[in-house]
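What follows is each chain in one-letter form.
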Amino acid sequence: MKRARNVGGFAASALIAGAVLWSLVTTDVELSRLLSAAPRIADFLGRMFPPDPTVMSEIVRGSAETLRIAIVGTLGAVILSVPLGILASDTMAPPAVYRLVRTLLALIRAIPLILVAMLMVGAVGLGPLPGIIAVAFHATGMLAKFYSEAIDNVERAPIAALESAGAGPILRLRHAIWPQMAPVIARDTIFRFELNLRESLVLGIVGAGGIGFYIQTYVRSFQYDKAASVTIAVIIMVIAIEAVNVALRRRFT
Amino acid sequence: MTPAIQTEDLAFSHLGSGLPALAEVALLTPEGAAIALLGPSGAGKTTLLTLLDGRLRGWHGRATVLGSALDPDRAPPLARRADTGFIFQEFALVERSTVLRNVLNGRLARMEFFRALLARPSPNDVTIARTALEDCGIADLAERRVDSLSGGQRQRVAIARCLAQEPRLILADEPVSNLDPVRAAEILSLLTRAARKRGATTVFSSHQPELARRFAERVIGMRNGRIVFDMATEDLSEDATVQLYQDAENPLSPLLQVVQ
């Protein structure tokens, strides 16, 4: 038994080492080329400074659109995730149903957001709408799974206790189930909103709306100082989002 | 005096197990008394209490609780369930809610529906809940969340919830088995005192004959799903309790024999 595990461990190590070597050799990571590129990289960075502050109005407009995409996209995901979460819960749905829905959700999670966005741009055209649809679709894969876990983690004993005390199904839902689920759902939704906002920053690159559009435009037209301003704005936004959400999530324990 | 509980030939066996959890159980309980249900693990105490609370299906025999017959195939109407209070061994509280909210949960069936739904209890409901908290010695914990409490405090909250329900019959399933002997006596003392103050009948199950002696007027001994004795507490002899627990079908015993 032990010997078998050692053989397996050796095989895994060899496989990883092989994969790393193969990647290094075939991707022509040449130190000389990296060194010769150094001045070009320095020049590129130099052209980003000083960042051009005149693009402030574009930054505000783009950020607002990204924020709207994330908000409406999250709302769409919540609306889809409530029924799907119930259907993916093993305490609410029969095995055939929750297994199917869980597989479906895993498939949705496996498709990167940017890919969904590209397909949606193809389907409905440029602008924030494909972004919103992509965010709602992509986020549902995770959010519906979280909701189903929130449902499955509800303790049964307090429900039985309220029933024993003569409370009907609506009151049991309101006073035994809801207090157990609501904070978990709030926390999960805020977390997913944070991810949606971060991920939708780049949606503009494929034409699906938001601030990413400007990064792409300025880089393509060699206006690196403007691209730098937008990048700085994006970094500030990400930090701010995380700070706000950490503070919010702490309220729901 | 009308009996709080009257049963005849109760029988029940858990799905898949050939052994009866209850067999030929007959009980007659006068209203307003405190009754202890003694017996080893697996004697059928929890099964009997669950049946009397109207939460067991598929049993046989006849059972009348507070003057209404129980139906083996369906739960009693909600309004009637409020008259029977149940205290769970594992408390069964909503951990994330406050103590006061949990105690008010016991009164949901007594409130107007919309007050109950919107969690806007009337001043009268709040007074009753706070009195129950006082009787359980935890008035100062009203605004605390249950998940911040100790085991003994949680059991007091569970009892307060049951008292706030204003039941005429209180069924308590091993209400003190998780507590040390001093706390156990405290809790049973406050439970039986509060029940007496409200004129409610109390049936509590326990492993400890000395607690039955101190807090019950009547003791019922159960073993292997049968009632082996039913007597006034002062008649309970040492022999009877020793016999009750001797060679009980303890799930551990075959293992212990192997070890020995």
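S.K.: Any chance you could break down the overall build of chain B for me, citing the residues and the numbers?
M.R.: What chain B contains, in helices and strands, is 10 helices and 10 strands. In chain B, which comprises 260 residues, the share counted as buried stands at 51%. Look at the contacts in chain B between residues 6 or more apart in sequence, and 69% of them connect residues 24 or more apart. If you sum the accessible surface of chain B, you get close to 12000 Å²; carbon and sulfur atoms cover 52% of it.

S.K.: How would you sum up the overall build of chain A? Please name residues and give values.
M.R.: For chain A, the count of helices and strands is 10 helices and zero strands. Computed over the C-alpha atoms, the radius of gyration of chain A is 24 Å, more than 25% above the 18 Å expected from 2.2 N^0.38 for a compact globule of 253 residues. When its C-alpha atoms are laid out on the principal axes, chain A stretches across 80 × 65 × 35 Å. Within the span of chain A, comprising 253 residues, buried residues form 40% of the whole. Excluding contacts between residues fewer than 6 apart, the proportion of contacts in chain A whose partners are at least 24 apart in sequence is 75%. For chain A, the exposed surface amounts to about 14300 Å²; the carbon and sulfur share of it is 73%. The average position of the 23 basic charges and that of the 16 acidic charges among the side chains of chain A differ by 6 Å.

S.K.: So what's going on with the domain arrangement of chain A? Residues and values would help.
M.R.: Domain boundaries assigned for chain A yield domain 1 (2-44) and domain 2 (49-250). For domain 1 of chain A versus domain 2 of chain A, the distance between C-alpha centres works out to 35 Å.

S.K.: Just give me the short version of the packing of aromatic side chains, but keep the residues and values in it.
M.R.: Per the stated rule, a full pass over the model turns up six aromatic pairs over all chains. Pairing Phe222 of chain A with Tyr224 of chain A gives two aromatic rings, centres 6.4 Å apart and planes at 75°, and the pair type is edge-to-face. On the basis of relative accessibility, which here comes to 58%, the residue Phe222 of chain A falls in the exposed class. A centroid spacing of 5.4 Å and a plane angle of 85° characterise the contact between Phe113 of chain B and Phe114 of chain B, whose relative ring orientation is edge-to-face. Grouped by ring-pair contacts, the aromatic residues Phe213, Tyr214 and Tyr218 of chain A constitute a single cluster. In this arrangement the basic side chain of Arg55 of chain B is found over the ring face of Phe86 of chain B, its NZ or CZ atom lying 4.4 Å from the centre.

S.K.: Can you explain the side chain of Asn196 of chain A? Please cite residues and give values.
M.R.: Here Asn196 of chain A shows up in helix α8 (residues 169-200). Ignoring any residue separated from it by four or fewer positions in sequence, one finds Asn196 of chain A in contact with Ala70, Thr74, Val135 and Ala139 of chain A.

S.K.: Mind laying out the interface of chain A and chain B, listing which residues take part and the relevant values?
M.R.: Facing the 24 residues of chain A at the interface are 25 residues of chain B. A buried area of about 1900 Å², summed over both sides, lies between chain A and chain B, and 62% of it is on carbon and sulfur atoms. Here chain A and chain B share one salt bridge between them. For Arg81 of chain B, the salt bridge identified is with Glu163 of chain A, shortest N-O distance 3.2 Å. Every element with two or more residues in the side of chain A that touches chain B is listed here: α7 (157-164) and α8 of chain A. For the side of chain A that touches chain B, the leading source of residues is α8 of chain A, giving 11 residues.

S.K.: Which residues make up unusual backbone geometry, and what values do they have?
M.R.: Non-glycine residue Phe222 of chain A carries a positive phi angle of around 60°. Looking at the secondary structure, you find Phe222 of chain A in the loop between α9 (212-220) and α10 (224-250). Here Ala92 of chain B, not a glycine, exhibits a phi torsion of approximately 55°, which is positive. Within the element layout of this structure, Ala92 of chain B appears in the loop between β6 (84-87) and α3 (99-105). Under the relative-accessibility criterion, Ala92 of chain B is labelled buried at 3%.

S.K.: Tell me what's going on with helix α6 (residues 128-152) of chain A, and back it up with residues and numbers.
M.R.: End to end, α6 of chain A covers 35 Å across 25 residues, agreeing with the expected 36 Å (1.5 Å per residue, within 8%). Of all bends in α6 of chain A, the biggest is about 40°, found at Thr140 of chain A.

S.K.: Talk me through empty space enclosed by the protein; I want residue IDs and the actual numbers.
M.R.: Where empty space is left in the structure can be found by rolling a water-sized probe over the atoms. All names here are of chain B. This model, assessed by the stated rule, comprises six cavities of 30 Å³ or more. Along the walls of the largest cavity sit Leu52, Asp53, Gly54, Val65, Leu66, Leu70, Pro76, Arg80, Arg81, Asp83 and Thr84, which together make up its complete lining. Broken down by class, the residue content of the lining of the largest cavity amounts to five nonpolar, two polar and four charged.

S.K.: Account for the sheet that holds β6 of chain B, naming residues and giving values.
M.R.: The pairing of strands in a sheet happens through backbone hydrogen bonds and is either parallel or antiparallel. Residues and elements named next belong to chain B. Reading across the sheet, the six strands line up as β6-β7-β8-β3-β9-β10 and stay open at both edges, with mixed pairing between neighbours. In this open sheet, the two strands that pair with only one neighbour each are β6 and β10 (226-232). On average, adjacent strands in this sheet sit at an angle of 15° to one another, irrespective of strand direction. Relative to strand β9 (residues 218-223), strand β3 (residues 34-38) runs parallel, the two sharing four bridges. Across the sheet, Ile35 pairs through a bridge with Arg218, a residue of β9.

S.K.: Tell me about the nonpolar core, and name the residues and values.
M.R.: Nonpolar side chains in soluble globular proteins tend to end up buried together. Residue and element names in this part refer to chain B. Judged by nonpolar contacts, the single largest core of 67 residues is most densely connected at Val99, Val103, Leu133, Ile159 and Ile170. The greatest single-element share of this core, amounting to eight residues, is contributed by helix α7 (residues 181-197). Discounting residues that sit within four places of it in the chain, Val99 has contacts with Leu133, Leu141, Ala142, Arg144, Val146, Leu149 and Val157.

S.K.: So, the environment of Ala132 of chain B: which residues are in play, and what are the values?
M.R.: All names here are of chain B. Position of Ala132 among the secondary structure elements: in helix α5 (residues 123-135). By relative accessible area, which is 0% here, Ala132 ends up buried. Between the C-alpha atoms of Ala132 and Ala200, which are 68 residues apart in sequence, the distance is 14 Å. Setting aside residues no more than four positions away along its own chain, Ala132 makes contact with Val103, Ala160, Leu163, Ala164 and Arg198.

S.K.: Any details on the packing of helix α5 (residues 113-124) of chain A against α6 of chain A? Residues and values, ideally.
M.R.: All names here are of chain A. Across the interface, α5 lies against α6 with an axial gap of 8 Å and an inter-helix angle of 140°. The orientation of α5 with respect to α6, classified from their angle, is oblique. The two elements α5 and α6 meet at a crossing, and its hand is right-handed. Note on element contacts: α6 touches α5 through Pro130, Ile133, Ala134, Val135, Phe137 and His138, opposite Leu113, Val116, Ala117, Met120, Val121 and Val124.

Analysis parameters
- Residues numbered from 1 in each chain as written.
- Chains lettered and ligands numbered in written order.
- Predicted model: local features only at pLDDT ≥ 70, side-chain atom pairs only at ≥ 80, totals over all residues.
- Heavy atoms only, no water.
- Helix = DSSP H or I, 4+ residues; strand = E, 2+ residues; numbered from the N terminus.
- Buried < 20%, exposed > 50% of the residue type's maximum accessible area, 1.4 Å probe, protein only.
- Contact = heavy atoms within 4.5 Å.
- Areas by Shrake-Rupley, 256 points an atom, 1.4 Å probe, with all protein chains shown as cover.
- Rg over C-alpha atoms; globule rule 2.2 N^0.38 Å.
- Lys, Arg positive; Asp, Glu negative; His and termini not counted.
- Charge placed at Lys NZ, Arg CZ, Asp CG, Glu CD.
- Domains from an automatic or database assignment.
- Phe/Tyr/Trp six-rings, centres within 6.5 Å; stacked < 30°, edge-to-face > 60°.
- Lys NZ or Arg CZ within 6 Å of the ring centre and 35° of its normal.
- Buried area = accessible area lost by both parts, 1.4 Å probe.
- Salt bridge = Lys/Arg side-chain N within 4 Å of Asp/Glu carboxyl O.
- Expected span 1.5 Å × (residues − 1).
- Bend = angle between axes of the 7 residues up to and from the residue.
- 1 Å grid on protein atoms, 1.4 Å probe; cavity = no way out; pocket = protein on both sides within 12 Å on 5 of 7 lines; lining within 4 Å.
- Points joined across faces, edges and corners; volume = space filled by probe spheres on them.
- Nonpolar A, V, L, I, M, F, W, Y, C, P; charged D, E, K, R; others polar.
- Pairing = 2+ DSSP bridges.
- Axes fitted to C-alpha atoms, helices over the stretch in contact; angles between N-to-C directions.
- Core = buried A, V, L, I, M, F, W, Y, C linked by side-chain atoms within 4.5 Å.
- Parallel < 35°, antiparallel > 145°, perpendicular 65-115°, else oblique.
- Left-handed = near helix turned anticlockwise from the far one by under 90°.

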